[in-house]
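Coordinates in review
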Amino acid sequence: MNQPSTEQVTWFWEQCGFRYVRQEELVKNVIMPYGHWIDPEGNSLPDGTMLLEPDLNNLFKYAVPKLGGRYYLEGTGGTHTARAWYNTYQYSEVIGETPALALFWACFKSFGGEP
């Protein structure tokens, strides 16, 4: 599958617990300025105005735990397959050019997103 759009990445990270501070807000005893992203633990992102890239490190840290560890990832060369279960018997399966793209789109679909 193709690279996700900014809107798709935003929706995806929101499903993983990220939130956007739309006005000044007190988070962990620090006033966050308008227009800042906060991670699920309440920490400001390093560049708070940008969301994380959907690379394997970030996917395994934030998205895979939302699946309850129910995922599958394999591949070699330019073909990678990822599955993400959204209930006991059903999963989304995606073939991507990179492991990160395949896993991103499988998680995206299992979270209810429409590519």
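Our subject in this report is the structure included herewith. (Residues numbered from 1 in each chain as written. Predicted model: local features only at pLDDT ≥ 70, side-chain atom pairs only at ≥ 80, totals over all residues. Heavy atoms only, no water.)

**Considering the state of the cysteines**
For the structure shown, the criterion picks out zero disulfides. Not engaged in a disulfide, the cysteine Cys16 finds its nearest cysteine sulfur in Cys107; these two sulfurs lie 7.3 Å apart. (Disulfide = S-S within 2.5 Å.)

**What about the layout of surface pockets?**
Of the voids in this model, the largest pocket is the one considered here, and its volume is about 310 Å³. Lining the largest pocket are 17 residues, and of these Val9, Leu51, Leu52, Glu53 and Pro54 lie nearest its centre. Mapped by element, the contributors of at least two residues to the lining of the largest pocket are α1 (6-15) and α3 (99-110). Residue composition of the lining of the largest pocket, by class: 10 nonpolar, five polar and two charged. (1 Å grid on protein atoms, 1.4 Å probe; cavity = no way out; pocket = protein on both sides within 12 Å on 5 of 7 lines; lining within 4 Å. Points joined across faces, edges and corners; volume = space filled by probe spheres on them. Helix = DSSP H or I, 4+ residues; strand = E, 2+ residues; numbered from the N terminus. Nonpolar A, V, L, I, M, F, W, Y, C, P; charged D, E, K, R; others polar.)

**A short note on the packing of aromatic side chains**
With the rule as written, the count across this model stands at 13 aromatic pairs. A centroid spacing of 4.5 Å and a plane angle of 45° characterise the contact between Phe12 and Phe104, whose relative ring orientation is tilted. Here the residue Phe12 occupies a position in helix α1, and Phe104 occupies one in helix α3, the gap between them amounting to 92 residues. For Phe12, a relative accessible area of 0% translates into the label buried. (Phe/Tyr/Trp six-rings, centres within 6.5 Å; stacked < 30°, edge-to-face > 60°. Buried < 20%, exposed > 50% of the residue type's maximum accessible area, 1.4 Å probe, protein only.)

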